[in-house]
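# Structure assessment
One letter stands for each residue in the lines below.
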Amino acid sequence: MILILKEDTDNSSDEYRQLLDFLSNLKNVESRVHHERGTEKILTEIYLVGDTSSLQVEDMESFTCVDRVVRVSEEYRVLGRHHDDKRPTHFDYNGVRFGQDNLNVFAGLCAVDTPGHVEIMLRALHEHGQVCTRMGAYKPRTNPYSFQGHGKQCLPYVFELAGKYGIKVIAIEVTHDTHILEIRQALEQTGWPTGVMLQIGTRNTQNFELLKATGRQVDFPVLLKRGFGITLEESLNAAEYLASEGNRHVVFGLRGMKTNMGDPHRNFIDFAHVPVVHRLTRMPVCIDPSHSVGSREATPDGIMDIFHVTAQGVIAGANMVLVDFHPVPSKALVDGPQALHMDELGYFLEDIQIARHAYEQRVTLVQAHLAAKTRMA
Ligand code: PEP
Ligand code: MN
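Description of the structure in this document. Everything numeric in this text was worked out from a predicted model, so none of it was measured.

### Overview of the coordination of the manganese ion (ligand 2)
For the manganese ion (ligand 2), the full set of protein donor atoms is C110 (SG), H291 (NE2) and D335 (OD), and the range of their distances to it is 1.9 to 2.3 Å. Going along the chain, you hit the donors of the manganese ion (ligand 2) in the pattern C-x180-H-x43-D. Of this pair, H291 sits in helix 9 (residues 289–293) while D335 is found in the loop between strand 14 (320–324) and helix 11 (345–376), placing the two residues 44 residues apart along the sequence. Here H291 matches D335 in class, with each residue buried.

### Looking at the environment of K168
With respect to the element layout, K168 can be found in the loop between helix 4 (155–164) and strand 9 (169–173). Residues K168 and H357, spaced 189 residues apart in sequence, show a C-alpha to C-alpha distance of 24 Å. In contact with K168, not counting residues within four places along its chain, are N94, V96, V131, T194 and G195.

### Quick word on the sheet that holds strand 3 (residues 42–50)
Across the sheet, which stays open at both edges, the 4 strands sit in the order 2-3-1-4 with antiparallel pairing between neighbours. Two strands bound the open sheet, and with one partner strand each, they are strand 2 (29–37) and strand 4 (66–70). Averaged over all adjacent pairs, the angle separating strand axes in this sheet is 20°, with direction ignored. Here strand 2 runs beside strand 3; their pairing, made up of 9 bridges, is antiparallel.

### A word on the packing of aromatic side chains
Evaluation of the coordinates by the stated rule reveals 8 aromatic pairs. Ring geometry for F98 against F106: centres 6.1 Å apart, planes inclined by 45°, an arrangement best described as tilted. Site record: aromatic cluster; members linked through ring pairs are F307, F325, Y347 and F348. Residue placement shows K258 over the ring face of F228; its charged tip is 5.0 Å from the ring centre.

### A few points about the packing of helix 4 against helix 5 (residues 177–190)
Between two packed helices, both the angle of their axes relative to each other and the distance between the axes serve to describe the pair. Where helix 4 contacts helix 5, the two axes come as close as 9 Å, and the packing angle between them is 55°. With respect to helix 5, the element helix 4 is oriented oblique. Handedness of the helix 4/helix 5 crossing: right-handed. On the side of helix 4, the interface is formed by L155, P156, F159 and E160, while helix 5 contributes E182, I183, A186, L187, Q189 and T190. Of the residues that constitute the contact of helix 4 with helix 5, the class distribution is 6 nonpolar, 2 polar and 2 charged.

### Examining the layout of surface pockets
The gaps of empty space that remain are located by a probe, the size of a water molecule, rolled over the atoms. Its boundaries defined by the atoms lining it, the largest pocket holds a volume of some 740 Å³. Forming the walls of the largest pocket are 28 residues, and the residues nearest its centre are E36, R37, G38, T39 and H249. Looking at the lining of the largest pocket, the elements that each hand over two or more residues are strand 2, strand 3 and strand 5 (90–93). Grouping the amino acids of the lining of the largest pocket by side-chain chemistry returns 8 nonpolar, 9 polar and 11 charged. Quantified by volume, the second largest pocket comes out at close to 370 Å³. Together, 20 residues line the second largest pocket, and R32, R77, V78, E240 and S244 are the ones closest to its centre. Broken down by secondary-structure element, the contributors of at least two residues to the lining of the second largest pocket are strand 2, strand 3 and helix 7 (232–244). By residue class, the composition of the lining of the second largest pocket is 11 nonpolar, 4 polar and 5 charged.

Conventions and cut-offs
Residues numbered from 1 in each chain as written. Chains lettered and ligands numbered in written order. Predicted model: local features only at pLDDT ≥ 70, side-chain atom pairs only at ≥ 80, totals over all residues. Heavy atoms only, no water. Donors = N, O, S within 2.8 Å, 3.2 Å for Na, K, Ca; no water. Helix = DSSP H or I, 4+ residues; strand = E, 2+ residues; numbered from the N terminus. Buried < 20%, exposed > 50% of the residue type's maximum accessible area, 1.4 Å probe, protein only. Contact = heavy atoms within 4.5 Å. Pairing = 2+ DSSP bridges. Axes fitted to C-alpha atoms, helices over the stretch in contact; angles between N-to-C directions. Phe/Tyr/Trp six-rings, centres within 6.5 Å; stacked < 30°, edge-to-face > 60°. Lys NZ or Arg CZ within 6 Å of the ring centre and 35° of its normal. Parallel < 35°, antiparallel > 145°, perpendicular 65-115°, else oblique. Left-handed = near helix turned anticlockwise from the far one by under 90°. Nonpolar A, V, L, I, M, F, W, Y, C, P; charged D, E, K, R; others polar. 1 Å grid on protein atoms, 1.4 Å probe; cavity = no way out; pocket = protein on both sides within 12 Å on 5 of 7 lines; lining within 4 Å. Points joined across faces, edges and corners; volume = space filled by probe spheres on them.

Pasting the structure below:
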């Protein structure tokens, strides 16, 4: 059960104390208080865990500081959508909105290699009005002898260049909790010129200690990639780990599944799950066409598979696109063959807009259809 308190409830007020006293006397019920700091107001939610079946919604609503009460099912308590659940399906970070109702593109380098390449990428994004990017510093590699990423050493110049080109959010994968500290230190050292979205890669979706550590901090939102060999439910539970530890600014990433059935794509594309994740949870959904397709193959009409699957995800309502670009793919240290080229950035963004516009038209259409049905009823 979730108690959503009235906006700006004062934690030192008598009503608030009365409520907490009442809750602390309940047997076999544990309460966890969560404060959500928005730009203008603070929202307080109290999660009641345990034997809540005997609690009546009306009784809980009779406390003056309680605005609404939501009964939750066992599944995805914090991030899930529950009956009569009007909790938000978006969050803001560093001036950028991440919601189930909007779309951000994170085009960038799979792996940072040189300051020159980072600058070409960020300048191009700026010229195309983009404020988000991806920049891999810590790379989880299949082969221990492959390039492992420049790690913390590249962070200061990445952050400074991001600030120079007005980039607000950089998705950076972390593979160990010490990386979060290194990112925070580099941001402090450079004066926080940009923001970071921590990325948990598909190989770490069920690294529960990493999830807990990442969930315990609330400075950075998190992009959690679905595990490439586990069920959707298991991956959604992994996202819930982040939220249960306190960080609910989570974007859920689809990046394809490992099975030969997807051949010749690098992974079997799972973007049909975009609407499913919207239905089950309140998380914005990201698609990664680069790591799911894995090549620059095109159809006879000239459209690359990466573009096709991006359009498929966006027309189904995807909220974020994570995509590899590189100024000189032949020199990329990781994933060069799947990288899009700089002169394709404008074209890619325009193609996305076509699909996004089509999605918005589909929403308008269904709304008109449902309104007509209600009138007839
Ligand atoms: C990546 O985005 O660079 C990456 C390694 O992705 P994934 O974890 O989906 O393989
Ligand atoms: Mn990659």
